[in-house]
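Structural features, examined
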Amino acid sequence: TGRLTLTCDCMDWDEVTSSDFLGRVSIDLDALKDQKVLRKWHQLGPADGKKGDVSGHVMLHLQWRHDPALAFEPFSEDPETSREPNELRVGVFRARDLMIADKNLLSKGGSSDPRVRL
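Below: a short report on this structure. Predicted, not measured: the structure shown is a model, and the values here were computed from it. (Residues numbered from 1 in each chain as written. Predicted model: local features only at pLDDT ≥ 70, side-chain atom pairs only at ≥ 80, totals over all residues. Heavy atoms only, no water.)

**What to know about the overall build of the protein chain**
Quick reminder of the rule: Starting at the N terminus, helices and strands are each numbered in turn, a helix being any DSSP run of H or I of at least four residues and a strand any DSSP run of E of at least two. Whether a residue is buried, partly exposed or exposed follows from its accessible area with a 1.4 Å probe, protein chains only, as a fraction of its type maximum: under 20%, in between, or over 50%, in that order. For this analysis, residues touch if any pair of their heavy atoms sits within 4.5 Å. Computed by Shrake-Rupley with a 1.4 Å probe, the accessible areas treat only the displayed protein chains as cover when residues are assessed.
Of regular secondary structure, the protein chain possesses zero helices and eight strands. The secondary structure elements of the protein chain, listed N-terminal to C-terminal, are β-β-β-β-β-β-β-β. Here the protein chain holds 118 residues, and the buried ones make up 28% of them. Put simply, of all contacts in the protein chain between residues at least 6 apart along the chain, 54% involve residues at least 24 apart. Element-wise, carbon and sulfur atoms account for 50% of the exposed surface of the protein chain, whose accessible area totals about 8,300 Å².

**Quick look at the packing of aromatic side chains**
To describe a pair of aromatic rings, one takes the distance between the centres and the angle between the planes. As a reminder, the rule being used: Pairing of aromatic side chains here covers Phe, Tyr and the six-membered ring of Trp, requires ring centres within 6.5 Å, and sorts the geometry by plane angle: under 30 degrees stacked, over 60 edge-to-face, intermediate tilted. Sitting over a ring, as applied to charges here, requires NZ of Lys or CZ of Arg to be within 6 Å of the ring centre and within 35 degrees of the ring normal.
In the structure shown here, the tally under the stated rule is zero aromatic pairs. Over the ring of tryptophan 41 we find arginine 96, and its NZ or CZ is 4.0 Å from the ring centre.

**Details of a nonpolar patch on the surface**
Going by this rule: Patches here: salt-bridge-free residues with over 30% relative accessible area, like charges joined within 9 Å, nonpolar side chains (Val, Leu, Ile, Met, Phe, Trp, Tyr) joined within 5 Å. Put simply, a salt bridge is a Lys or Arg side-chain nitrogen that is within 4 Å of an Asp or Glu carboxyl oxygen.
Among the surface-exposed residues, Leu88, Val90, Val92, Val116 and Leu118 lie close enough to one another that they form a single nonpolar patch of about 350 Å² accessible area. When residues in the nonpolar patch are grouped by element, the largest group, three residues, is from strand S5 (residues 87-96). With respect to the secondary-structure elements, leucine 118 resides in the segment after strand S8 (114-117). Taking the relative accessible area as the measure of exposure, leucine 118 reaches 54% and is therefore exposed.

**Section: the pattern of salt bridges**
Evaluation of the coordinates by the stated rule reveals seven salt bridges. The salt bridge partner of glutamate 87 is arginine 89, with a shortest N-O separation of 3.2 Å.

**A word on the sheet that holds strand S4 (residues 57-65)**
Applicable threshold: Two strands qualify as a pair provided DSSP detects at least 2 bridges between them. Angles here are taken between N-to-C directions and fall from 0 to 180 degrees, while the axes themselves are lines fitted to C-alpha atoms, restricted in helices to the stretch in contact.
In spatial order, the strands read S3-S4-S5; together these three strands make up an open sheet with antiparallel pairing. If you trace the sheet from one side to the other, it starts and ends with strand S3 (38-43) and S5, each paired once. Put simply, the sheet's adjacent strands are angled 25° from each other on average, direction ignored. The pairing of S4 with S5 spans nine bridges and is antiparallel.

**Quick word on the pairing of S4**
Judged from the six bridges that link them, S3 and S4 form a sheet pairing that is antiparallel. Across the sheet, the residue bridging to lysine 40 is leucine 60, located in S4.

**Describing the nonpolar core**
Heads up, the rule is: Buried residues of nine kinds, namely Ala, Val, Leu, Ile, Met, Phe, Trp, Tyr and Cys, make up a nonpolar core once their side-chain atoms join them within 4.5 Å.
Leu6, Val25, Ile27, Leu60 and Leu62 are the most contacted members of the largest nonpolar core, which totals 13 residues. If you list the elements that add at least two residues to this core, you get strand S1 (5-12), strand S2 (20-28) and S4. For this core, the element with the most residues is S4, which contributes four residues. Beyond its immediate sequence surroundings of up to four residues, isoleucine 27 is in contact with Leu4, Thr5, Leu6, His42, Leu60 and Leu62.

The structure is reproduced here in structure tokens:
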């Protein structure tokens, strides 16, 4: 089988105009097969077909685990921890050092209204 990857796109959400691309992070799920929680800052990078400057990081908490309720096998004798993961838990907690997408009209600087699409 092919490798499974979680892709997260960080966008600056705008109500009136289209959202601005802030960056992308892709995580190889094989790194999570031990079923432990991974808490880590991930650096945003560019993506094919997306334009704009990219900078910043997003903090994700990830766990790819086995949930027996999702894989009913009434006569299985395998211990739960040896089972293949079948549930991906994702927590998006914060971002830092993002590009300024919304510039202030009367001063330097600005902000972004980040949203993450998984």
